[in-house]
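Read off the chains here:
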Amino acid sequence: MPVELTILAWGMILLLVHIFAAAHVKTKQYGAKWNMGARDERLPQLNPLGGRLSRAQANYMETLPIAIVALIGVVVAGRTSEWTALGGWIWLGARIVYLPLYGLGIPVIRTIMFFASLVGLLIILWPLLGI
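Computed from a predicted model, the values in this text were never measured in an experiment.

1. Observations concerning the nonpolar core
Then, number 1: Counting 14 residues, the largest nonpolar core has Tyr 60, Leu 71, Trp 91 and Ile 124 as its most contacted members.
Then, number 2: Where this core is concerned, the elements lending two or more residues are α1 (3-30), α3 (48-76), α4 (82-103) and α5 (107-125).
Then, number 3: Ranked by residues supplied to this core, first place goes to α3 with 6 residues.
Then, number 4: Aside from chain neighbours lying at most four places away, what touches Ile 124 is Ala 70, Leu 71, Val 74, Thr 84, Gly 87 and Gly 88.
Then, number 5: Ala 94, Leu 101, Met 113 and Phe 114 belong to the second largest nonpolar core, which has 11 residues in total.

In structure tokens, the structure reads:
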């Protein structure tokens, strides 16, 4: 199996980590009844940690489709290489580091990790561009 698909599978595990980290903090603030309910009621603003984890999750979900297309794309096109694997690991590693940095409210390094993840995606996408 191509390593790019393994990286993608770990990316899906990371998505679950994002979802459950944000949900855990929200449930601590709003209660189990809210979590198991329809969530129709108007709620107070999330505490800072909950807000940061929710924004980190949203950010991950914004760029995840690019990673999915890139990683599956190089496999389907038969364009996998040590470079696409490296790009995938850079993307995944940077995204793993990004979550706690965002959760802890560490600004500059978090942004550097975001850009590192984008570099990883560009490394993967390059062979698909046919340039």
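Picking up after the structure, the text goes on.
2. A few points about the environment of Leu 118
Then, number 1: Along the chain, the position of Leu 118 falls in helix α5.
Then, number 2: For the pair Leu 118 and Arg 95, spaced 23 residues apart in the sequence, the C-alpha separation amounts to 9.7 Å.

3. Focus on the side chain of Arg 95
Then, number 1: Along the chain, Arg 95 falls in helix α4.
Then, number 2: Within the buried set, Arg 95 has no salt-bridge partner at all; the shortest N-O distance to an opposite charge, 7.6 Å, is to Glu 62.

4. Some remarks on the packing of α3 against α5
Then, number 1: In contact at an axis separation of 9 Å, α3 and α5 are set at 25° when each is read in the N-to-C sense. Considered as vectors, α3 and α5 are oriented roughly parallel to each other. Here α3 and α5 pass one another in a crossing that is left-handed. Counting all contacts with α3, which are made through Asn 59, Thr 63, Ile 66, Ala 67, Ala 70, Leu 71 and Val 74, the residues of α5 involved are Phe 114, Leu 121, Ile 124 and Leu 125.

5. Concerning α1
Then, number 1: The end-to-end C-alpha distance of α1 is 40 Å, a good match for the 40 Å that 28 residues give at a rise of 1.5 Å each.
Then, number 2: Taken residue by residue, α1 has Glu 4, Ile 7, Leu 8, Gly 11, Leu 14, Leu 15, His 18, Ala 22, Val 25 and Tyr 30 as its buried positions.
Then, number 3: Buried residues belonging to α1 abut α2 (32-36), α3 and α4.
Then, number 4: Within two residues after α1, Gly 31 carries a phi angle of roughly 100°, on the positive side.

6. What to know about a nonpolar patch on the surface
Then, number 1: On the surface, a cluster of nonpolar side chains totalling about 690 Å² of accessible area is made up of Trp 10, Ile 13, Leu 16, Val 17, Ile 19, Phe 20 and Trp 89.
Then, number 2: Top contributing element to the nonpolar patch by residue count: α1, with 6 residues.

Each value, and the rule that gives it
Residues numbered from 1 in each chain as written. Predicted model: local features only at pLDDT ≥ 70, side-chain atom pairs only at ≥ 80, totals over all residues. Heavy atoms only, no water. Core = buried A, V, L, I, M, F, W, Y, C linked by side-chain atoms within 4.5 Å. Buried < 20%, exposed > 50% of the residue type's maximum accessible area, 1.4 Å probe, protein only. Helix = DSSP H or I, 4+ residues; strand = E, 2+ residues; numbered from the N terminus. Contact = heavy atoms within 4.5 Å. Lys, Arg positive; Asp, Glu negative; His and termini not counted. Salt bridge = Lys/Arg side-chain N within 4 Å of Asp/Glu carboxyl O. Axes fitted to C-alpha atoms, helices over the stretch in contact; angles between N-to-C directions. Parallel < 35°, antiparallel > 145°, perpendicular 65-115°, else oblique. Left-handed = near helix turned anticlockwise from the far one by under 90°. Expected span 1.5 Å × (residues − 1). Patch = residues over 30% accessible without salt bridge, like charges linked within 9 Å, V, L, I, M, F, W, Y side chains within 5 Å. Areas by Shrake-Rupley, 256 points an atom, 1.4 Å probe, with all protein chains shown as cover.

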